[in-house]
Amino acid sequence: MKNILILAGPSGVGKTTLAHTLLNNSDRFELVCSVTTRAPRADSYDSEYIYISKDEFARLVSEGGILEYTEYAGNFYGTPRSEIERISADGRTPLLILDLNGVHTVVNSKSGICPCAVYITVPDSVLLERLSQRYGTDTEKLNSRLVKNISERAYFEEIKADFFAVVENAGNVEKCAEEIHLIYDRFCKK
Ligand code: 5GP
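Values in this document were obtained by computation on a predicted structure and should not be read as measured data.

Novice: Kindly report on the nonpolar core, identifying the contributing residues and their values.
Specialist: Ranked by size, the top nonpolar core spans 25 residues in total, and within it Leu5, Leu7, Val118 and Ile180 carry the most contacts. Taken together, the elements giving at least two residues each to this core come down to strand 1 (2–8), helix 1 (15–25), strand 2 (29–31), strand 8 (113–121), helix 5 (124–135), strand 9 (165–168) and helix 7 (173–189). Here this core takes six residues from helix 7, the largest share from any one element. Contacts of Leu7, omitting those with residues within four sequence positions, involve Lys15, Leu18, Ala19, Leu22, Leu95, Leu96, Ile97, Leu98, Val118, Ile120 and Ile180. Ranked by size, the runner-up nonpolar core spans 18 residues in total, among them Ile4, Val32, Phe156 and Phe163.

And the structure:
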């Protein structure tokens, strides 16, 4: 069985920063690039996607080359099995950042993969501050994000059992990344 580490949690909890801290602090993990049909954006994390056409995405799904996928804002996003295979064969642990649907699919699929899913939270006041900073004066986007976060939280309550641990990323990202690393050690020993 191949172990993988999955980070999930509401938008604004710092999953991407945490993933990069884990990657910087240890060569045990390697980030799995998702494939997506959305167009590249000019932001620093765009290299973490492999951009493909909708036809190519459909072909990969039909051939079983995608472990899990989701549709978001009219675009498809999926985890390529080939990346998991490659990283595991290199002796490292694939690290994935997934939405809750993705976690639920991977944890419940009989795919020969053993997922350690960690749910990241922050206190509500911190989340509100971060999202306010992210969306600035666009209160419409901020409100729609907050509404989404509420429904995602309700879904999290439904699928809580899929997670090995819940971690609060309250302030110190290095400390939080260290905690996740220890949780993963514990997972590997179970
Ligand atoms: P964005 O376009 O903002 O980078 O991502 C949009 C959404 O797609 C985010 O919620 C992100 O977590 C989700 N996402 C990105 N890659 C994957 C993937 O491989 N699988 C799933 N299930 N969701 C993904």
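Novice: Before we move on, can you summarise the confidence of the model for the protein chain with the specific residues and values?
Specialist: Residues shown with low pLDDT carry predicted positions that ought not to be read at fine detail. Looking at the protein chain as a whole, the pLDDT averages 91, with 97% of positions reaching at least 70. Per-element averaging of pLDDT across the protein chain places helix 5 at the bottom with 85 and helix 2 (residues 54–62) at the top with 97.

Novice: Residue-level account of the site of the ligand, with values.
Specialist: Lining the immediate surroundings of the ligand are 13 residues, of which Ser34, Arg38, Tyr49, Glu68 and Tyr77 lie closest. Within the side chain of Tyr49, a nitrogen or oxygen atom sits 2.6 Å from an oxygen atom of the ligand. Asp99 places a polar side-chain atom, nitrogen or oxygen, 2.9 Å from a nitrogen atom of the ligand. Relative to its unbound accessible surface of 510 Å², the ligand loses 81% to contact with the protein. Of all the secondary-structure elements, those providing two or more residues to the shell around the ligand are strand 5 (66–72) and strand 6 (75–80). Grouping the amino acids of the shell around the ligand by side-chain chemistry returns four nonpolar, five polar and four charged.

Novice: Describe the sheet that holds strand 1, naming the residues involved and giving the relevant values.
Specialist: Ordered in space as 2-7-1-8-9, the five strands form an open sheet in which the pairing is parallel. Since the sheet does not close on itself, it has two edges, and those belong to strand 2 and strand 9, each with one partner. When the angles between neighbouring strand axes are averaged without regard to direction, this sheet yields 30°. In this structure, strand 2 lies alongside strand 7 (residues 93–97), joined through three bridges in parallel fashion. Bridge assignment links Phe29 to a residue of strand 7, and that residue is Thr93. On the sheet, helix 7 packs against strand 1, strand 2, strand 7, strand 8 and strand 9 and is oriented at approximately 150° with respect to strand 8.

Novice: Can you break down the packing of aromatic side chains residue by residue, with the values?
Specialist: Under the defined criterion, the tally for this structure stands at twelve aromatic pairs. Between Phe57 and Tyr69, the aromatic rings sit 5.7 Å apart at their centres with planes inclined by 75°, giving edge-to-face as the arrangement. A residue pair is termed long-range when its members are at least 10 positions apart, and Phe57 in helix 2 and Tyr69 in strand 5 qualify at twelve residues. Taking relative accessible area as the criterion, Tyr69 reaches 44% and is therefore assigned partly exposed. Here the aromatic residues Phe29, Phe164, Tyr184 and Phe187 are joined through ring pairs into a cluster of three or more.

Basis of the calculations
- Within every chain, residues take consecutive numbers counted from 1 along the sequence as written.
- It should be noted that, the model being predicted, local features are given only for residues of pLDDT at least 70 and side-chain atom pairs only at 80 or more, the latter also being counted only at that level, while totals for whole chains, interfaces and linings use all residues.
- With hydrogens and water excluded, all non-hydrogen atoms of the structure serve as input to the side-chain values.
- What makes a nonpolar core is a set of buried Ala, Val, Leu, Ile, Met, Phe, Trp, Tyr and Cys residues whose side-chain atoms join them at distances within 4.5 Å.
- For every residue, the accessible area obtained with a 1.4 Å probe (protein chains only) is divided by the maximum for its type, and the residue is called buried under 20%, exposed over 50%, and partly exposed between those limits.
- Helix numbering and strand numbering both begin at the N terminus, where a helix is a DSSP run of H or I of at least 4 residues and a strand a DSSP run of E of at least 2.
- When checking whether two residues touch, look at their non-hydrogen atoms; a contact exists if any pair is within 4.5 Å.
- pLDDT expresses how confident the predictor is about each individual residue, on a scale running from 0 to 100.
- Consider each residue's heavy atoms; a residue with any of them within 4 Å of a molecule or strand counts as near.
- N or O atoms within 3.5 Å of each other form a polar contact, as long as, within protein, one can give a hydrogen and the other can take it, and as long as residues adjacent in sequence are counted only when both atoms are side-chain atoms.
- All accessible areas in this document rest on Shrake-Rupley with a 1.4 Å probe, and a residue is counted as covered only by the protein chains that are shown.
- In the scheme used here, Gly and all other residues not listed as nonpolar or charged are polar, with Ala, Val, Leu, Ile, Met, Phe, Trp, Tyr, Cys and Pro taken as nonpolar and Asp, Glu, Lys and Arg as charged.
- The pairing criterion is simple: DSSP has to find at least two bridges between the two strands.
- A fitted line through C-alpha atoms represents every axis, and for helices the fit uses only the stretch in contact; the resulting angles, taken between N-to-C directions, go from 0 to 180 degrees.
- Pairing of aromatic side chains here covers Phe, Tyr and the six-membered ring of Trp, requires ring centres within 6.5 Å, and sorts the geometry by plane angle: under 30 degrees stacked, over 60 edge-to-face, intermediate tilted.

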